[in-house]
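What the coordinates show
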Amino acid sequence: MEFQLVKNLNNPGKINSRKVAFRILKKNYSSNHQLNDDIYNELSGRSLPDLDIRFITEMVQGTTRMHIRADYELSRIYKGKYSKLETDLKIILRMGYYQIRFMDKVPNYASVSATVNLAKSIKGQFAGITNALLRKLSDTKITSPGQDAKIDDISKWMSHPLYLVKKWQSAYGFEKSRQLMEWNNSRPVLWFRRNQNIISSDKLHDSIIQMNFQPTYFKDDNRYFNIDKPSELLASQLFTDGYLYVQNPFSGLVVKLLDIREGDQVIDVCAAPGGKTTDMAQLVGKSGTIWAYDVNNERLKDIANNSSKIGLTNINAQLMDSTVGVFPKCDKFILDVPCSGTGVMSKRADLRWRRQESHIPEFAELQYKILQNCASQLPHEGIMVYSTCTLESEENWENVNQFLKEHGDFSIEHADEYISDQFTDESGALNTFPPHHNIDGGYAVRLRKHG
C-alpha cells in the first residue's frame, strides 16, 4: 500500500492569518480554556492551507509563550504607561514583537507593515502607535540580563513566572535554569510513535521516505521519530488511518519500567487521553487487558476513539476516581498521575501562565492519595510504576520518599534494569531534564510490594 498526503479539495479562499491568530489570542486571554483547545476550535471548521495553519499556530503559541518579554521590551520604548494600553492593542503589539524577534523568515519591514494593517482592521486608532513602536523595536536591541541581574528582570526576559524562576534557580543554579527556560521558549519537537501491531518499522520507514519526509529516530526506541514538517504528516493517511500516534519518547520510557509481557493484565489508573494506554495494549496483545480509569468522562472518549482507530479491543475504559476507587485484582499498576506539568511547558505554551505556585503542593497531595489507594490494592510481589511529567521534587522524590517511609513493604527497583542509564538518576528513577535529554522532562519510579 502506498500512503499519500490527504489533500484538501475545498477552496479556502484568501484569509488573513494574522486576524485569525488575533481572534484566538483574544478569546484565550478572556477565557479559562487551554490554548490548544482554542486553536483547534478556531481552525477545525476551516479549510486552510497547511502553510496558513502552521503560521497561525506558531503565531498564537509563540506570542503566548513570549508575551511577558514582549511587554518588557515594548514598555521600555513606549513613552507613556504601557500597562494602560487597551488589551486588544497589547495583543497586536505582542504579535508584532514575536514576528520581529522570533520569525526570521519574515523581514522586519514586512512584519511591521502586516501588523499595522491588522491594527487598522481591529481599530483605526491603533495603527499609528503600532507603526511607531514596532519600527522603533526593529532598530532596538536589549541585552539579556546576566547572572547578577535582578531576578524580576530575568523572569520578564525569559518570559516565565517569577516563582518558577526563583524555584528553578534554587534547585538548578543560574545556568541550568536558563537552559530549561530557553528550552521552554523554543519551538517544540513533535514526536510520533509507530503503532507496531499494524505496521512494521521497515514499511513505515519506506512509506515516510516515499512522501519525501526524512525521519529522525529516537535511538533508544525506534518506534519514535520526528520530522521537519510534522503538520504534513498529520495530514497523511499514515496518521488518519491510525498507523501513527503523537507521543513523546518519555512516555515510552515510562511504559518500559513496567516490563510488560504478552498476556499481562495492567491497571492504568489515570489513563486519559490514552497514549500510554494504547502503547501497553499493543504490548499485552489480544490475550492481555488494560483496565483504564479516569475521573473525566469526556477524556475517556479520547481513549475509546484512539483505541478504535488503532483497532484495539483489549482496553476496558471506565470512569473512576482513583483516589478512592476499587480496582480489579492485577499485579501491575501504572500511576501516570495528574501533575503541574513543568517538564512539558515547551509544548504547552500557556501552561506556565495557567499554573500557580499553590498548585504544586495541591498536586502533590492528590498524587499521594492515588499512590496510597493503589498501594493498598496491589498484591504481594506486584509492581507499581509512579510517574509524572513534572520536574518539581515535591511531586517526585519527596512524594516517593515519604511513601517509602510509611510503607516498609515497598522497595525501588532500579530503572536502569529496564532503560538506558542515561535517563536514570542515582536513586533509581527515570528522571529526564529536557535540555540535556532532548525529550519531555519527567519522573518515574518502579516500586515492588513484598510479601
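Please read all numbers here as calculations on a predicted model, not as lab measurements.

1. Some thoughts on the overall build of the chain
Within the chain, the regular secondary structure consists of 20 helices and 12 strands. Taken against the 2.2 N^0.38 rule, which gives 22 Å for 451 residues, the C-alpha radius of gyration of the chain at 24 Å falls within 12% of a compact globule. Viewed in the frame of its principal axes, the chain has a C-alpha envelope of about 75 × 55 × 35 Å. Counting every position in the chain, which comprises 451 residues, the buried fraction comes to 53%. When the accessible surface of the chain is summed, it comes to about 20,600 Å², and 47% of that surface belongs to carbon and sulfur atoms. Of the side-chain charges in the chain, 56 are positive and 54 negative, and the distance between the mean point of each set is 9 Å.

2. Concerning the packing of aromatic side chains
Remark: the centre distance and the inter-plane angle together describe each pair of aromatic rings, the angle taken between the planes. Under the criterion given, the structure shown has 15 aromatic pairs. On the numbers, 6.0 Å between centres and 55° between planes, the contact of Tyr-217 with Phe-225 is tilted. Given the relative accessible area of 28%, Tyr-217 is considered partly exposed. The exposure class of Phe-225 is buried, given its relative accessible area of 0%. Taking 6.4 Å as the distance between ring centres and 75° as the angle between the ring planes, the aromatic pair formed by Tyr-386 and Tyr-443 counts as edge-to-face.

3. Quick look at the side chain of Thr-289
Structurally, Thr-289 is set in strand S6 (residues 289-294). Within the structure, Thr-289 has its side chain in polar contact with the side chain of Gln-265 (distance 3.3 Å). Discounting residues that sit within four places of it in the chain, Thr-289 has contacts with Asp-264, Gln-265, Val-266, Val-284, Asn-314 and Asn-316.

4. A word on helix H2 (residues 35-43)
Along H2, the residues classified as buried are Leu-35, Asp-38, Ile-39, Glu-42 and Leu-43. Each buried residue of H2 lies within a common arc of 115° when the element is viewed along its axis, so the set occupies one face. Summarising the contacts, the buried residues of H2 are in contact with helix H1 (17-29) and helix H3 (50-65).

5. Re the packing of helix H8 (residues 151-158) against helix H9 (residues 162-172)
The interhelical angle for the contact between H8 and H9, taken along N-to-C directions, is 110°, at an axis separation of 9 Å. In this view, H8 runs roughly perpendicular relative to H9, as classed from their interaxial angle. Across the interface between the two elements, Ile-151, Asp-152, Ile-154 and Ser-155 from H8 touch Leu-162, Val-165, Lys-166 and Gln-169 from H9. In terms of residue class, the contact of H8 with H9 is made up of four nonpolar, two polar and two charged.

6. Re the state of the cysteines
Throughout the structure, instances matching the rule amount to zero disulfides. No disulfide involves Cys-374; its sulfur sits 7.2 Å from the nearest other cysteine sulfur, which is in Cys-270. By relative accessible area, which is 0% here, Cys-374 ends up buried. The cysteine Cys-389 is free of any disulfide, with Cys-339 supplying the nearest cysteine sulfur at 3.3 Å.

7. Examining the side chain of Thr-432
Here Thr-432 lies in strand S11 (residues 430-432). Among the residues examined, Thr-432 registers a relative accessible area of 2% and is labelled buried. Within polar-contact distance, the side chain of Thr-432 engages the backbone oxygen of Asp-440 at 2.8 Å. Sequence-distant contacts of Thr-432, that is, excluding residues within four places in its chain, are made with Phe-250, Leu-391, Phe-423, His-437, Ile-439, Asp-440, Gly-441 and Gly-442.

8. Focus on the packing of helix H5 (residues 87-102) against helix H6 (residues 108-122)
At a minimum axis distance of 9 Å, the contact between H5 and H6 shows a crossing angle of 165°. Between H5 and H6, the crossing angle belongs to the class labelled roughly antiparallel. The interaxial crossing formed by H5 with H6 has right-handed handedness. Taken together, the residues of H6 that come into contact with H5 (itself represented by Asp-88, Ile-92, Met-95, Gly-96, Gln-99 and Ile-100) are Asn-108, Ser-111, Val-112, Thr-115, Leu-118, Ala-119 and Ile-122.

9. Considering the environment of Phe-333
Mapped onto the secondary structure, Phe-333 falls in strand S8 (residues 332-336). In this structure Phe-333 comes out as buried when scored by relative accessible area, which is 0%.

10. Describing the sheet that holds strand S2 (residues 216-217)
The four strands are arranged S2-S3-S1-S4 in an open sheet whose pairing can be described as antiparallel. Each of the sheet's edge strands pairs with one partner strand only, and the pair in question is S2 and strand S4 (244-246). Bridge count between S2 and strand S3 (residues 224-226): two bridges; the pairing is antiparallel. Across the sheet, the residue bridging to Thr-216 is Asn-226, located in S3. Across the sheet, helix H15 (residues 275-284) lies against strand S1 (192-194), S3 and S4, angled at about 15° from S1, the strand it touches most.

11. As for the environment of Gly-285
In this fold, Gly-285 is placed in the loop between H15 and S6. With relative accessibility at 16%, the residue Gly-285 sits in the buried group. For the pair Gly-285 and Lys-81, spaced 204 residues apart in sequence, the C-alpha separation works out to 63 Å. The residues touching Gly-285, leaving out its near neighbours within four places in the chain, are Glu-262 and Asn-314.

About the cut-offs
- Residues numbered from 1 in each chain as written.
- Predicted model: local features only at pLDDT ≥ 70, side-chain atom pairs only at ≥ 80, totals over all residues.
- Heavy atoms only, no water.
- Helix = DSSP H or I, 4+ residues; strand = E, 2+ residues; numbered from the N terminus.
- Rg over C-alpha atoms; globule rule 2.2 N^0.38 Å.
- Buried < 20%, exposed > 50% of the residue type's maximum accessible area, 1.4 Å probe, protein only.
- Areas by Shrake-Rupley, 256 points an atom, 1.4 Å probe, with all protein chains shown as cover.
- Lys, Arg positive; Asp, Glu negative; His and termini not counted.
- Charge placed at Lys NZ, Arg CZ, Asp CG, Glu CD.
- Phe/Tyr/Trp six-rings, centres within 6.5 Å; stacked < 30°, edge-to-face > 60°.
- Polar contact = N/O pair within 3.5 Å; in protein donor to acceptor, adjacent residues only side chain to side chain.
- Contact = heavy atoms within 4.5 Å.
- Arc of directions from axis to C-beta.
- Axes fitted to C-alpha atoms, helices over the stretch in contact; angles between N-to-C directions.
- Parallel < 35°, antiparallel > 145°, perpendicular 65-115°, else oblique.
- Nonpolar A, V, L, I, M, F, W, Y, C, P; charged D, E, K, R; others polar.
- Disulfide = S-S within 2.5 Å.
- Left-handed = near helix turned anticlockwise from the far one by under 90°.
- Pairing = 2+ DSSP bridges.

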